[in-house]
Each structure stands twice: as structure tokens, then as C-alpha cells.
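Per-entry structural report
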Amino acid sequence: MEKWAGVRVTAVDPDPDYLGIEVHVSSRRYSGTAFVYSVGDLERLASGICGFPSSASDARWVELGTKEEHIAGGYCSLRFSCIDGAGHIFLAVSIKEDRGHSDIHTSAEFGFNIEGAARIDEFVKALQSVIKERSGEAILDGIPEGFIDYVTTISEEGDLTNG
């Protein structure tokens, strides 16, 4: 069974005041899902990564939802970084589920590689469709295992290193 890596954003609650979205991210080994009450979050994501990468040093960071514990909904941070001159992309993810009335805090931080700019462009188009229709899903697939030979790590400061 092949494990999937990527980001899936699904419209699940088209309320007149917000768009409830489910954000699911997976790196094959780790995964997480958060429900986000979106008021402009998808628009910020689509515009924030449109045209990425514009250079070999380009990096973009977009947050969906809120980190605040006493506000309903989850949180997801997506940091897109171009990691070499060939345009390979690394996506660093931080995701946190809404605790609700539980004392258990569910979160994950991990990353994975994205094939290139064409995948980002397709994802932006799919996000724009979800925004317009207030339904559907947008998927950004990660790279199949073994496609890139080096390891990318995230430092405590959020910097990327290749090895």
C-alpha cells in the first residue's frame, strides 16, 4: 500500500459568515488534520503562493486558522521554500487540532518535498475554484519516495538545511 504525501484542503461547511475547511497534510510517515473556520484564509493561501517559486531563494509562509486556544477551530502553518537552483520545493508543516473540551493537545510538525512550480500552480487554480464555488477540494501532491536523494531538515529557528 503506497502512502500519500501532500496537502488536501476540503470545503466542508459553507456557512454564510465563513467557509469551514478541513486541512489534511501527510508526509507518508506523519499526518494531521485540522478544521479551520476560514474567513479569507484560502484567499491568502492562493495569493501567497501564486507564482512560487520566483527565485532559487524564494520562501513563502501562510497560516490558516488560529493558534489561540480559546477560539474555535484549528491551525495550520505552511512554509514553502525553494531548496536548490533546480527549483525543488520543500514544504514545512505545522498543524494543530482544535482541543475543544479535551485536555489533550494534538499537533504535528513535519515536512516533505513538492515536485515543482507546476504543482503549485495547479494547487492555486484548485484553491481558486474552492473559493469561488465554496465547495470541493484542492490537492497538492508531494514527491514520490526516493525522488530526491538528499534530506532536508528544519532547524529550531525554522531554517532549512540540505544534506
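Preceding block: the structure.
The sections below set out a description of the structure shown in this document. (Residues numbered from 1 in each chain as written. Predicted model: local features only at pLDDT ≥ 70, side-chain atom pairs only at ≥ 80, totals over all residues. Heavy atoms only, no water.)

Within the protein chain, the secondary structure is distributed over two helices and 10 strands. Secondary structure of the protein chain in N-to-C order comes out as β-β-β-α-β-β-β-β-α-β-β-β. Counting only residues that meet the buried cut, the protein chain has 41% of its 163 residues in that class. The contacts in the protein chain between residues at least 6 apart in sequence include a share of 47% that link residues at least 24 apart. (Helix = DSSP H or I, 4+ residues; strand = E, 2+ residues; numbered from the N terminus. Buried < 20%, exposed > 50% of the residue type's maximum accessible area, 1.4 Å probe, protein only. Contact = heavy atoms within 4.5 Å.)

Reading across the sheet, the four strands line up as β3-β2-β1-β8 and stay open at both edges, with antiparallel pairing between neighbours. Whereas interior strands pair on both sides, the edge strands pair on one side only; in this sheet they are β3 (31–38) and β8 (137–141). Going across the sheet, the axis of each strand differs from the next one's by a mean of 15 degrees, ignoring polarity. Across eight bridges, the pairing between strand β2 (residues 19–27) and β3 is antiparallel. (Pairing = 2+ DSSP bridges. Axes fitted to C-alpha atoms, helices over the stretch in contact; angles between N-to-C directions.)

Summed over all chains, the structure comprises four salt bridges. Taking the shortest distance from any N to any O, the salt bridge between Arg 60 and Asp 58 comes out at 2.9 Å. Of the two residues examined, Arg 60 and Asp 58, each falls in the buried class. One network of salt bridges, in which partners are shared, links Glu 115, Arg 119 and Glu 122. (Salt bridge = Lys/Arg side-chain N within 4 Å of Asp/Glu carboxyl O.)

On to the nonpolar core, then. Membership of the largest hydrophobic core comes to 34 residues, with the highest contact counts inside it found for Leu 45, Leu 78, Phe 80, Leu 91, Val 93, Ile 120 and Phe 123. Those residues in contact with Leu 91 that sit more than four places away from it in its chain are Val 7, Leu 78, Arg 79, Phe 80, Phe 110, Gly 111, Phe 112, Ile 114 and Leu 140. (Core = buried A, V, L, I, M, F, W, Y, C linked by side-chain atoms within 4.5 Å.)

Taken in spatial order, the four strands of this open sheet run β4-β5-β6-β7, and their pairing is antiparallel. Strands with a single pairing partner mark the edges of an open sheet, and in this sheet they are β4 (59–65) and β7 (107–114). Between one strand and the next, the sheet's axes are offset by a mean angle of 15 degrees, whatever the strand orientation. Note that strand β5 (residues 75–82) and strand β6 (residues 89–96) share eight bridges and pair antiparallel. Following the sheet pairing, Arg 79 is matched in β6 by Ala 92. This element, helix α1 (residues 41–49), spans β4 and β5 of the sheet and lies at about 175 degrees to β4.

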